[in-house]
Structures are given as C-alpha cells and as structure tokens.
Amino acid sequence: MTDNPQVYDIIIIGGGPAGLTAAIALAETGARTALLARRAPYADNRTTALLGASTDLLERLDVWRRCADTATALKTMRLVDDTGRLIRAPEVRFSAEEIGREQFGFNIGNRALVAALEERAGELSVLARLDDEAASIQPDEAAVAVQTRQGQSLSARLVVGADGRNSLSRAAAGIEVTSRDLGQSALTFNITHTRPHKNISTEFHTEHGPCVFVPLSGLKSSVVWVCQPKEAARLNALGDDELSLAVERQSHSILGRVQVEPGRHVFPLAIERPHQFAKARIALVGEAAHVLPPIGAQGLNMGLRDAADIAEIVGQAIARGEDPGAAQVLSRYQAARRPDVSSRTWAIDIANRSLLSDFVGMQSLRAAGLHMIGSIGPLRRLAMREGLAPSWRRST
C-alpha cells in the first residue's frame, strides 16, 4: 500500500451513469475531484428513458451531443388498463405537444449513454480517473480515508457514494436503510416489430404489474415486463420464438409481428429508502440513495437530479470558502433531495399498490383517478409537468 495518500476535495465512488454525471458536474466546479470506479464497457442492452430535465443537464455538461443520435424521442405516453377486471380505468394518453414540448424525453441505450459520459469525463484535466474499486472507506472529523483494492491510499473532504444498492459508502457513513421486497420481478429485453411505434410509449397495466413498450430507433422497442417472480422466470426460460409470441399477445399486436432480440435480464423489485442522504462527509446518489421499481421512468432521472444537486451545493460551498464535506453543506443536500425522493417514492408505491390490489374500493379509486387525469385538461397537464421534474426545481 502507498504510505502517503493522494488528497482530493471530492472522491466519487462508482462509475454508473449517476456516478459519472456527478463526477463531471463536480469537476466542473473546480474542485479537485477523483472518480474511483472500474473502467469497463457497459455489458448489456438495457435502455433508459431520460426525461426533459435529464437531457438538459447532459447538454450543460457537454455529454448529450455525443449520444443524442442514438436516442429516440418519446412524444406520447399511453396507459392501458389490461387487468381484465370488472372495474377498469379508461385509457389515458399524455402528449408532449399539450405542454408545449416536442417530446417528453428520449429513450437511449445505457451502453451509449455510459460511453458518452466516459468520453466527457476523460477530457477533464481536473478529474482524476482511477480504474480501481474501494476496499474500505473510513470517515473522520476532517476527511474520509479510502483504500482501494489495488492498494492505493486516498483522502478527500467529501465522498460521493454512487456505488449502488449494496453501497459500501452508505455503510461506512452508518446510514440505515428501509427496504421492502415488492414480490415482483422485471424482465427486460428489446424487440423488433413490423409496425411503427410512432414515438408512443405504451404501458399495459396487468394484475401483476405493468408491461411497457418504449420506442427505440427504427422498428425497435425496449420492453420492461413486470410480473410475479415465477412468471418472470417462466418467460425468461422460453425460446425466442415462444417469447416473441407471448410479447405479441401482451402488446395486443399494436406493433405488429414481434421478434425478441438477444439479451434478457431479470431482476427482483424493491423499494429502498435510506434514513439520510448524507452523513459523516459522505453523500449518496443514484441507487445508493433510492431504489424504485421501473414505473414512470423515475429511477435514473432521480439519480441525475442527485448529481445536479450535489454539484450545485458543493460548487456554492467552495465558492464561499466552505469545507464541501462539512455538516452544514451536507444538510443542504439532505434538504434538497428529501422532498423529491420522498414524493416520487410515495407516488410510485401508491400507483403500484393500487394496480396490484384485489380490493374493489381501491380499484374504483384508481379508475376514478385515471379518469380525472385523462379527462380534465389542467390536471392532465399538471401531471405531465410534474412527471418531467418537480415544480420547485423549475423555479430554481
């Protein structure tokens, strides 16, 4: 191990999209910044629907132009009650044009997004890129000591933990987590189809969760099929032709003939909420700070807002001569993130619970709520704007 630690203002631990975005944004504040993460190509074909505020942030960080040509605009969002229950919600359509936008956002392959972020990060001379992993993280009153698996000693006044659901950073800060298994799994894959998607994202609500078809370039879409774990395992075990037929049936053939592409992933769904977003010179972003089911495209979009907020708060602190890891700085981050994360978590949890509920009263309330959103213009437009970004953020 090295005896003399490399000293930084900030170390970001974790190299996923949220961690890379935080590293770029923090480096642009002028802080001495290091990104500690294995440099590896993104390994799968999953995609992310980036909503308007997220692409705006990536444009400001000079990232979006590097991957925009691989992204597909999302102009209409369609919700279809496919539960087959006696009480069903009416179909609801949200159009970006109704709120004066060309699109709500873009669907993009995670591989292309991560490559664009890595390219931009590599251009920043003030950002040290350490191709390694954290072995231990030890905060104290003045700094955080980090030992890497390859034996490097690092030190920083602030650590940003972007190291996922099993966050070592979060554990080092002593932040407890409330976790609830949803008893659902998501099967993800991409498809080709014979009919154009017309930039419409369609979400079929079934008794066991949503099945979402999100446009990709050309005659392609990405699919997120939420169902019971045993059903997800059964679907995943099907051959390509069998799964293609199952997908076509689930989509009610709105996309014509369907063919599943190689590359499938199954993961269990949970809601995880840390009791704090920052403590002991450690701030959390991305899935270290919140885990949600893939409903409403909120997960990574919230992670990018985490990155934007920690960069803004730290940049202001450094400009005032403050210690970026001081308790008062971390309290500002806590105050900035709690309303956003709490409100989104609550809304997604309620939406999921109401869909799964066998209680007729709950089904009636859900149907009535969706009917109101679909038929009352001001309420529908409010829902669209709030879905893109919290209203209090747009005023800042």
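Rules used in this analysis
Residues numbered from 1 in each chain as written. Predicted model: local features only at pLDDT ≥ 70, side-chain atom pairs only at ≥ 80, totals over all residues. Heavy atoms only, no water. Helix = DSSP H or I, 4+ residues; strand = E, 2+ residues; numbered from the N terminus. Rg over C-alpha atoms; globule rule 2.2 N^0.38 Å. Buried < 20%, exposed > 50% of the residue type's maximum accessible area, 1.4 Å probe, protein only. Contact = heavy atoms within 4.5 Å. Areas by Shrake-Rupley, 256 points an atom, 1.4 Å probe, with all protein chains shown as cover. Lys, Arg positive; Asp, Glu negative; His and termini not counted. Charge placed at Lys NZ, Arg CZ, Asp CG, Glu CD. Polar contact = N/O pair within 3.5 Å; in protein donor to acceptor, adjacent residues only side chain to side chain.

### Focus on the overall build of the chain
A tally of regular secondary structure across the chain gives 11 helices and 19 strands. The C-alpha radius of gyration of the chain comes to 22 Å, within 12% of the 21 Å expected for a compact globule of 396 residues. Seen through its C-alpha atoms, the chain measures out along the principal axes to roughly 65 × 40 × 40 Å. Scored against the burial criterion, the 396 residues of the chain give a buried share of 53%. Once local pairs closer than 6 in sequence are excluded, the contacts in the chain between residues at least 24 apart make up 74%. As displayed, the chain has an accessible area near 17300 Å², and 53% of this comes from carbon and sulfur atoms. Averaging the locations of the 45 positively and 44 negatively charged side chains of the chain gives two centres separated by 4 Å.

### Looking at the environment of Asn-190
Relative to the helices and strands, Asn-190 resides in strand β12 (residues 177-193). Separated by 81 residues in the primary sequence, Asn-190 and Gly-109 have C-alpha atoms spaced 10 Å apart. Apart from the residues within four sequence positions on either side, Asn-190 is in contact with Asn-45, Thr-47, Leu-216, Ser-221, Ser-222, Val-223, Gln-259, Val-260 and Glu-261. Of note is the side chain of Asn-190, whose polar atom sits 3.2 Å from the backbone oxygen of Asn-45.

### Examining the environment of Ile-108
In this structure, Ile-108 sits in strand β7 (residues 105-109). On the basis of relative accessibility, which here comes to 0%, the residue Ile-108 falls in the buried class. On a C-alpha basis, the gap between Ile-108 and Asp-69 in space is 9.4 Å, while along the polypeptide they are 39 residues apart. If near-sequence neighbours (up to four positions away) are discounted, Ile-108 is found in contact with Thr-47, Thr-48, Leu-50, Trp-64, Cys-67, Thr-70, Ala-71 and Leu-113.

Purely spatial values, then, with no claim about function.
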